[in-house]
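Structural overview
Below are the chains, spelled out letter by letter.
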Amino acid sequence: MLKYNILYSANALCVIIAGINLRHVDYSRPHYAPCVLTGFSAFNFLCIYHLGNIIKPNVMKKLLFYIIALPCLILAVYGCQKEEEVPDGGGSSSDKSVISVRKPSAYSFLPGTYSLPYTIDNPREGVQLELSTTDKWITGLTADKENISFTLSANNPSKERKGSISICYEGAEPVKIEIRQKKEDIVPLDKDGITANCYIVPEAGVYQFPMVKGNSPEPVGDVVSVGVLWETFGTDAVPEQGDLIQIVLHEDNMVYFKSADKFRKGNAVIAARDAGGTILWSWHIWMTDRPQDQEYLNGAGTMMDRDLGATSATPETGGFLGLLYQWGRKDPFPGSSSLEESIQTKTTAEWPDPVKSDESTGTIDYSIANPLTFITCNDSNSDWYYTGNNTVDNTRWKSVKTIYDPCPSGYRVPDGGKEGIWAKAFGSPNFFNAGGNSGKSYDFSLSGKIEHKLTGGSYRCWYFTTGSLNGSGVLEKTGEEGIYWSCSAETAQIYAFTLTEVGTIRPAAKSSDLSYANPVRCMKE
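As the structure is a prediction and not an experimental result, all values here were calculated from the model.

Helix and strand content of the protein: five helices and 31 strands. Of the contacts formed within the protein by residues at least 6 apart in sequence, a portion of 58% connects residues at least 24 apart. Carbon and sulfur atoms make up 51% of the accessible area of the protein, which amounts to about 25700 Å² in all.

This next bit is on the layout of surface pockets. Size it by volume and the largest pocket reaches roughly 520 Å³. Considering the residues around the largest pocket, the lining is formed by 23 residues, among which K191, I200, R290, S409 and Y411 are closest to the centre. For the lining of the largest pocket, the secondary structure elements donating two or more residues are β8 (186–188) and β9 (198–201). Looking at which element gives the most residues to the lining of the largest pocket, the answer is β9, with three residues. Partitioning the lining of the largest pocket into residue classes produces 13 nonpolar, three polar and seven charged.

On to the side chain of R329, then. In this fold, R329 is placed in the loop between β18 (325–326) and β19 (355–356). A polar contact of 2.8 Å, which involves the side chain of R329, links it to the side chain of Q326. Only 3.4 Å separates the side chain of R329 from the backbone oxygen of S367, close enough to count as a polar contact.

Now for the sheet that holds strand β2 (residues 112–121). Read across the sheet, four strands follow the order β1-β2-β5-β4 without closing on themselves; strand pairing throughout is antiparallel. Bordering the open sheet on either side are β1 (98–101) and β4 (138–143), each of which pairs with just one other strand. For this sheet the average axis-to-axis angle between neighbouring strands, irrespective of direction, equals 25°.

Our focus in this paragraph is the nonpolar core. Membership of the largest hydrophobic core comes to 28 residues, with the highest contact counts inside it found for F209, M211, I245, F257, I270, W283 and I285. Contributions of two or more residues to this core are made by β9, β10 (206–210), β12 (245–251), β13 (254–259), β14 (266–273), β15 (279–287) and α4 (364–369). When residues of this core are assigned to their parent elements, the largest contribution, five residues, is made by β15. The residues contacting W283, other than those within four sequence positions of it, are A196, N197, Y199, F209, P210, M211, V212, V220, A268, V269, I270 and A272.

To continue, consider the pairing of strand β7 (residues 175–181). Bridge analysis of strand β6 (residues 161–168) against β7 gives seven bridges, and the strand direction is antiparallel. Looking at β7, one finds that I165 is bridged to I177. Connecting β6 to the antiparallel partner β7 that follows it, the hairpin turn spans six residues, and G171 within it adopts a positive phi of roughly 90°.

By the definition in use, this model includes three cavities of 30 Å³ or more. Estimated volume of the largest cavity: approximately 80 Å³. Considering the residues around the largest cavity, the lining is formed by 13 residues, among which G234, N267, G309, L321 and G322 are closest to the centre. Looking at side-chain class alone, the lining of the largest cavity contains three nonpolar, ten polar and no charged residues. Space inside the second largest cavity adds up to approximately 60 Å³. In terms of lining residues, the second largest cavity is bounded by G328, R329, K330, D331, I364, S367, I368, W384 and Y404. Here the residues of the lining of the second largest cavity are counted per class, giving four nonpolar, two polar and three charged.

Conventions used here
Position numbers for residues count from 1 along each chain, tracking the sequence in the order it is written. In keeping with the model being predicted, local features are shown solely for residues with a pLDDT of at least 70 and side-chain atom pairs are shown and tallied solely at 80 or more, while totals for entire chains, interfaces and linings include all residues. To obtain the side-chain values, all non-hydrogen atoms of the structure were used and water was disregarded. Each helix corresponds to a stretch of at least 4 residues labelled H or I by DSSP, and each strand to a stretch of at least 2 residues labelled E; elements are numbered beginning at the N terminus. By definition in these notes, contact holds between two residues if any of their heavy atoms fall within 4.5 Å. Computed with a 1.4 Å probe, the accessible areas rest on the Shrake-Rupley method; for each residue, only the protein chains presented here act as cover. Cavities and pockets are found on a 1 Å grid laid over the protein atoms alone: a cavity is a set of points where a 1.4 Å probe fits but cannot escape, a pocket is an open set with protein on both sides within 12 Å along at least five of seven lines, and a lining residue has an atom within 4 Å of such a point. Grid points are joined across faces, edges and corners, and a volume is the space filled by probe spheres set on the points. In the scheme used here, Gly and all other residues not listed as nonpolar or charged are polar, with Ala, Val, Leu, Ile, Met, Phe, Trp, Tyr, Cys and Pro taken as nonpolar and Asp, Glu, Lys and Arg as charged. In protein, a polar contact requires one atom able to donate a hydrogen and another able to accept it; more generally it is a pair of N or O atoms within 3.5 Å, and residues adjacent in sequence count only if both atoms are side-chain atoms. Whether two strands pair depends on DSSP finding at least two bridges between them. Only C-alpha atoms enter the line fits that serve as axes; for helices the fit covers just the stretch in contact. Angles between N-to-C directions range over 0 to 180 degrees. Definition of nonpolar core: a set of buried residues of the types Ala, Val, Leu, Ile, Met, Phe, Trp, Tyr and Cys, connected through side-chain atoms within 4.5 Å. Partly exposed describes any residue whose relative accessible area lies between the buried limit of under 20% and the exposed limit of over 50%, with all areas from a 1.4 Å probe on protein chains only and scaled to the type maximum.

Here you go:
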C-alpha cells in the first residue's frame, strides 16, 4: 500500500512539473516540448511497470488511460495558449520586415543628385526609413515611398572615391549600400610636360593641366578655387552655362575640367583664385579642330593655319576671326564675329570699363589679376605698361618664349621686321599693293589670286582685316585693316604684319600703339 501511495504521489508531481515546463516552452524551438513530454511519459511508464505488480488488471487499465490522457490534455491546453500569444516585436520569421535596394552602378565624378528604388517586405504602419552616412561628400539623404535620394559632390576625376549609405528600418536587418564615383579617362594638355597659357581642346572629354605660370614650372600660388571666367562661340550668340565647359575642379596643383558632352567650338578662359578671390593666373582654352601647320616659303618658318582663337581657317565657314591681344599680355579679348562691322562677339562675361594705365594699373601684376580689364595707354607712352617715362619695356614677348606668351605649347608669337617670318617668306620687307585682288581677306597660298605668296603647299593661307581694339578699348576698323603682332621690337615700336582693304600689304610695319589689341598668328618653336 505504501508503494502504491508513493507511486501515485510521484505521478502527480510529474504532472505538475510537466505543466510548469510546458508553460515556459519556447515554441520557436520545436524540439523542446516533445522532450518535456517524453521525459514525463517515460517516468509514468516506469510507474506503471511497478504498479503492475501490485494493482489488479482492471484498475491498471484505468490508471494507464489517465496516465496517457493527462499529459496529452496539458499539451493541448498550453499549446493552444502559446500559439495565440505573440510577444511584442516577435512573430514568425515570415512576418519579419526586409529591406531590398537595387545595387547602384558607379557614378560620374560630376556633382549631382541621384536616386535608388527600394522596397520593404512586410512594412509596419507608422515606421519610417532611416538613412545615414559618415561620408561628407554624400549629402541630402531623403526617402519617399519608392526611392532613396542623395547628392554627391564633385570628385577629382583622376581618383576613384568610395563611400556608403546605411539604411535602417524597425524590425528589419540594416542594409549598407556602397556609393562609388569612378575614375575618368583624363587627357593631359601639357604634352611632353610642356605647359603654356593656352591649350587646344579638339573634342569632348575630361582634361587636365598643371597650375603653373605659362611655360615655366613656377606654381601660380595658393589656389583656393578655379572656375570659368568667360566663354564665347565667336558669334552673336551668348553661350549658356556648360555649353563649352561643364565643370572645373582643382587638386594637387592640377586643374581638371570637362567639356560639354556635345562638343562645341569656341573659346573659354579658366581662372585660379586665392582665398581672397584675387585671380592668381588664367588660361585660355581654345576649343577647335586642331590647327594645321603651314610651312612658309624660303625656309622662313612654320605657322598655324589660323589666327589664335579662330575655330576655322577659311572665310567660307564661320569662326575664322580669332581673339585680340594687347602687346605683351597673355589674356585675350573678344574680336569681331564678322568682317562687315565692328561689333564684338558675345561672351558670358560682364566686361568692366577700361582703366587708364598708371603706376598701379599699368603693371604685370595688375594685368594678371584683372584679365577682363582693358588697360588704356598712359600719358608717357602709347603702351598699357607703365614705365614712368617715354621708354617701352619690349621684353614681354620675345623670340625665346616668355611666360606671358599667349600661344599654345610648341608655338610662340612670331618674329617680325626685316628678318621676320613674313618678310623672309615674301622675299622682301618692303610693302606692296594687291592691286585688283584687294579686299577684306587675302589668300597668300599658291592657289590665291594675289601675286605675292607666303606658302607653297596645296593648302590655303588666309589673313584677314580683323580690326583692332584701339587705345581706348573700342573695336574699330573691322573689314578695313588687320595688324598681326610679332614679338620683335625696335626701341619703342613693335614690328607687325599689316594689310588693308584697299590692298596695302606691309610685311615689316612698325607700330607704336602697344596698348592696341590685335590678332596673333602663332609660329612653331
